[in-house]
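Summary of structural features
The chain contents come next:
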Amino acid sequence: MITVNDLQAHPLDQVHRLIEPGPVILITTQHRGVPNVMTNGFNMMVRHAPPLIAATVGPWDYSYQALVETGECVVSVPTADMADTVVDIGNCSGADVDKFHAFGLTAVAGEKVQAPLVGECWANLECKVADTSLVGAYNLFLLEPVRAWTDPSRSRPRLFHHRGDGTFSVDGDVLDLKDRMTKWQYLL
Ligand SMILES: Cc1cc2nc3c(=O)[nH]c(=O)nc-3n(C[C@H](O)[C@H](O)[C@H](O)COP(=O)(O)O)c2cc1C
């Protein structure tokens, strides 16, 4: 029988390193006509349809005010080959830097929101802020994609995930277990 004596206690302030979050994403905003982009690692899908995404954006981010005031953003999904740039984007602020220019990103006009798509990203989700009720307590924004785009020139590229300590895991092998998903056939 296993007891806790066989286990190792893990510091509570490092629990985030035990559960890999969703892929690292970029969140773009456009505030008073100026586009900006930030890196986000704490995010997850919440609902299939209509789709809903939860992402933490803290008041320390310049993007926070833009998100609160405009109620819009684009969730852009970068690929592993963009990891260096994505980390650099998350280590400077739109308060000081025109990040689209500094990082050579292509701002692409969307259809439903003012915030730009990132042309270099594999997927771009135009989002409306659907719920801010958890922002005060947790900086957690619920974002509803209202238009979604992917780059047809790439099939299923490799995304990357922050392991919470400056290291990243990259999507790798695919396990095809569709046959075992008997209860969830409609999702396949
Ligand atoms: C890998 C990585 C993951 C990050 N994840 C988050 C996150 O989930 N939430 C957040 O508020 N900031 C996160 N950040 C920090 C922001 O990207 C950073 O504060 C950025 O400078 C904000 O840009 P802005 O000031 O232009 O909005 C992350 C940074 C990196 C490098």
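Now for a quick tour of the structure.

Counting secondary structure elements, the protein chain contains 4 helices and 11 strands. For 188 residues, the compact-globule estimate of 2.2 N^0.38 gives 16 Å, and the protein chain sits close to it at 18 Å. With the C-alpha coordinates of the protein chain rotated into their principal frame, the extents come out at 60 × 40 × 35 Å. Counting the 188 residues in the protein chain, one finds 36% classified as buried.

Turning our eyes to something else, we now look at the environment of Ala 83. Examined against the element boundaries, Ala 83 turns out to sit in helix H2 (residues 83–89). By relative accessible area, Ala 83 is classed as buried at 19%. Here the alpha-carbon distance between Ala 83 and Arg 180, two residues 97 residues apart in the chain, equals 34 Å.

What follows covers the side chain of Thr 28. By the element assignment, Thr 28 lies in strand E1 (residues 25–31). Here the side chain of Thr 28 touches Pro 116 through a polar contact of 2.6 Å, landing on its backbone oxygen. Beyond its immediate chain neighbours, meaning those up to four positions away, Thr 28 contacts Asn 36, Val 37, Cys 73, Val 74, Ser 76, Phe 100, Ala 115, Pro 116 and Val 118.

Here we take up the site of the ligand. Close contacts around the ligand come from 21 residues, with Asp 61, Ser 63, Cys 92, Ser 93 and Gly 94 the closest. A distance of 3.0 Å separates an oxygen atom of the ligand from a polar atom in the backbone of Gly 58. Asp 61 is positioned such that a nitrogen or oxygen atom in its side chain is 2.4 Å from an oxygen atom of the ligand. Taking 640 Å² as the accessible area of the ligand by itself, protein coverage stands at 86%. Of all the secondary structure elements, the ones that give two or more residues to the shell around the ligand are strand E2 (34–40) and helix H1 (62–70).

In this section: the pattern of salt bridges. Scanning the entire structure with this criterion turns up 4 salt bridges. Where Glu 69 meets Arg 32, a salt bridge forms, and the shortest distance between an N and an O atom there is 3.6 Å. Of the two residues, Glu 69 is situated in helix H1 and Arg 32 in the loop between E1 and E2; the sequence distance between them amounts to 37 residues. Judged by its relative accessible area of 43%, Glu 69 falls in the partly exposed class. Arg 32 sits in the exposed class, given a relative accessible area of 70%. For the salt bridge of Asp 151 with Arg 154, the shortest nitrogen-to-oxygen distance reads 3.6 Å.

Attention shifts here to the sheet that holds strand E8 (residues 123–131). An order of E2-E1-E5-E8-E9-E4-E3 is seen for the 7 strands of this open sheet, with the pairing classed as antiparallel. The two strands at the open ends of the sheet, each matched to only one other strand, are E2 and strand E3 (43–47). Across this sheet, the average inter-strand angle for adjacent strands is 35°, counted without regard to direction. Relative to strand E4 (residues 52–56), E3 is paired through 4 bridges, and the arrangement is antiparallel. Of the residues in E4, the one forming a bridge with Met 45 is Ile 53. On top of the sheet, H1 reaches E1, E2, strand E5 (72–77), E8 and strand E9 (140–150); it is set at about 60° to E1, its chief contact.

The rules behind the values
Residues numbered from 1 in each chain as written. Predicted model: local features only at pLDDT ≥ 70, side-chain atom pairs only at ≥ 80, totals over all residues. Heavy atoms only, no water. Helix = DSSP H or I, 4+ residues; strand = E, 2+ residues; numbered from the N terminus. Rg over C-alpha atoms; globule rule 2.2 N^0.38 Å. Buried < 20%, exposed > 50% of the residue type's maximum accessible area, 1.4 Å probe, protein only. Polar contact = N/O pair within 3.5 Å; in protein donor to acceptor, adjacent residues only side chain to side chain. Contact = heavy atoms within 4.5 Å. Near = heavy atom within 4 Å. Areas by Shrake-Rupley, 256 points an atom, 1.4 Å probe, with all protein chains shown as cover. Salt bridge = Lys/Arg side-chain N within 4 Å of Asp/Glu carboxyl O. Pairing = 2+ DSSP bridges. Axes fitted to C-alpha atoms, helices over the stretch in contact; angles between N-to-C directions.

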